[in-house]
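Structural description and commentary
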Amino acid sequence: MSPASRCPSGDACKERAIPIRIGVNEGSIIERKDKLRRAEELGKFFADRKSGHMLALMIAKLEEYLDIFDARGFHDVAISAKSMDAAMVIDVYTEISQRFDYPLHLGVTHAGPRDTGAIRSIAALSTLIANGIGDTLRISYASDHLDEVKDGLELLYCLGKRERKGVELIACPTCGRIQVDLFTLVKEVEKKLMPELVLPIKVAVMGCIVNGPGEAEGADVAVFAGDRRGIIYVQGQKVANVPEAEILDRLLAECRAFEAKVKAGEAKLGEKLVEIVPPDPIGELGSGADKIRAGLVEQVTIGKSS
Ligand code: SF4
């Protein structure tokens, strides 16, 4: 009996018109002895690639599996070829996208915990998707499966392949100019707004006025921090200048109010009512002004010798 004539799952799917995914995983290619022999035979293919023989072996194995379904005239399939090696995943999917006319399910298998698995997965999948390769995907971690879904969605949002649901948070990485506890602020904004707001409101949390205005240009709601203060903008219009302890509550309130306005048809996402005018660095944000007045630091005028 040939392998093609023994495929109960293929027969059952065909009978019930259920689509099926046919995939190879580098780690689970069976017949280990065969794997070595085949690797030698196939070594000449893709010799210029890092793991050329494995690439050839995965493609050959996938062809074998597809033949089983082809023999029964069943073509309602999607295909995958996964590896834990991101470069291999890019190579193998690039090859099979040219060889087979089936939808591709993308994935990096055995990617590990989220911290490193995310980088491993995104390195491969974003390259493929940006090149127009792939129809479905799964990001897989050795941790909470909800994170897999969150990160997969975020990847599609970032590449513009899916309309965003919920807040898009932009935040500065901080540098020597920072004068507030921005990381705590960002964490709190994320924790409180993400589960609550449903519209894709762009919120920018910026640490200073040097790069803040530019980064927040396209944001619906933005805050620039200064010397223990924050100025809040809604679509470019300044709505508040508050001390650090009040930034979070005021920012959340402005985001909620903005969402309510959009829902009521009184505002539109992504609109800019006015250009953001950067605040006065000495004065409006308290950046040093109080300290200068109190004589704690000396005001220096560039170009004048003391
Ligand atoms: S926005 Fe300001 S504080 Fe944040 S990284 Fe840019 S320059 Fe630094």
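Residues numbered from 1 in each chain as written. Predicted model: local features only at pLDDT ≥ 70, side-chain atom pairs only at ≥ 80, totals over all residues.

Along the polypeptide, Gln-235 turns up in the loop between strand S8 (229-234) and strand S9 (237-243). In this structure, Gln-235 is in contact with Asp-220, Glu-271, Lys-272 and Leu-273, ignoring residues within four places of it in sequence. (Helix = DSSP H or I, 4+ residues; strand = E, 2+ residues; numbered from the N terminus. Contact = placed C-beta atoms within 7 Å.)

Two packed helices can be described by the angle between their axes and the distance between those axes. Remark: helix H4 (residues 86-99) packs on helix H5 (residues 114-130), axes separated minimally by 8 Å, with the N-to-C direction vectors making an angle of 25°. Classified by the angle their axes make, H4 and H5 are roughly parallel. Judged by the twist between their axes, the crossing of H4 over H5 is right-handed. Side by side, H4 and H5 meet where Ala-86, Val-89, Ile-90 and Tyr-93 of the first sit next to Arg-120, Ala-123, Ala-124, Thr-127 and Leu-128 of the second. Residues of the contact of H4 with H5, tallied by class, amount to 7 nonpolar, 1 polar and 1 charged. (Axes fitted to C-alpha atoms, helices over the stretch in contact; angles between N-to-C directions. Parallel < 35°, antiparallel > 145°, perpendicular 65-115°, else oblique. Left-handed = near helix turned anticlockwise from the far one by under 90°. Nonpolar A, V, L, I, M, F, W, Y, C, P; charged D, E, K, R; others polar.)

Residue position: Tyr-233 is located in strand S8. When the C-alpha positions of Tyr-233 and Leu-251 are compared, they lie 9.0 Å apart, and in sequence the two are 18 residues distant.

Our next topic: the site of the ligand. Inspection of the region around the ligand gives Cys-172, Pro-173, Thr-174, Cys-175, Arg-177, Ile-178, Met-206, Gly-207, Cys-208, Val-210, Asn-211 and Gly-212 as its neighbouring residues. Of the residues belonging to the shell around the ligand, the class tally is 7 nonpolar, 4 polar and 1 charged. (Near = placed C-beta within 6 Å.)

Within S8, 5 of the 6 residues are buried, which leaves it mostly tucked inside the rest of the structure. Sheet analysis places strand S7 (residues 221-225) next to S8, joined by 5 bridges and oriented antiparallel. Its bridge partner being in S8, Phe-224 is matched across the sheet by Ile-231. Adjacent in sequence and paired antiparallel, S7 and S8 are bridged by 3 residues, among which Arg-228 carries a positive phi angle near 65°. Two elements, S8 and S9, share 6 bridges in a ladder whose sense is antiparallel. Looking at S9, one finds that Val-234 is bridged to Gln-237. Where S8 folds back on S9, the antiparallel hairpin that results is connected by 2 residues, among which Gln-235 adopts a positive phi of roughly 45°. (Buried ≥ 20, exposed ≤ 12 C-beta atoms within 10 Å, placed from the backbone. Pairing = 2+ DSSP bridges.)

Even without being a glycine, His-110 presents a positive backbone phi close to 50°. Here His-110 shows up in the loop between strand S3 (105-108) and H5. Residue His-110 is classed as partly exposed on the basis of its C-beta count, with 17 C-beta atoms lying within 10 Å. At Gln-235, a position not held by glycine, the phi torsion is positive, near 45°. Judged by local crowding, Gln-235 falls into the buried class, with 20 C-beta atoms found within 10 Å.

Our next topic: the packing of helix H7 (residues 182-193) against helix H9 (residues 244-263). Their axes nearest at 10 Å, the elements H7 and H9 cross at an angle of 35°. As for the relative orientation of H7 and H9, their crossing is right-handed in sense. Between H7 and H9, the residues in contact are Leu-185, Glu-188, Val-189, Lys-192 and Leu-193 and Ile-247, Leu-248, Leu-251, Leu-252 and Cys-255, respectively. Residue classes in the contact of H7 with H9 are distributed as 8 nonpolar, no polar and 2 charged.

With mixed pairing, 5 strands are arranged side by side in an open sheet as S5-S6-S7-S8-S9. A strand with exactly one partner marks an edge of an open sheet, and here the two such strands are strand S5 (168-171) and S9. Within this sheet the neighbouring strands show an average axis-to-axis angle of 15°, counted without direction. Here H7 sits on the sheet in contact with S5, strand S6 (202-206) and S7, set at roughly 160° to S6.

As a further point, take the confidence of the model for the protein chain. Predicted confidence across the protein chain gives a mean pLDDT of 86, with 82% of residues reaching 70 or more. Mean pLDDT across the elements of the protein chain bottoms out in helix H10 (residues 289-293) (61) and peaks in S3 (97). (pLDDT = per-residue confidence, 0-100.)

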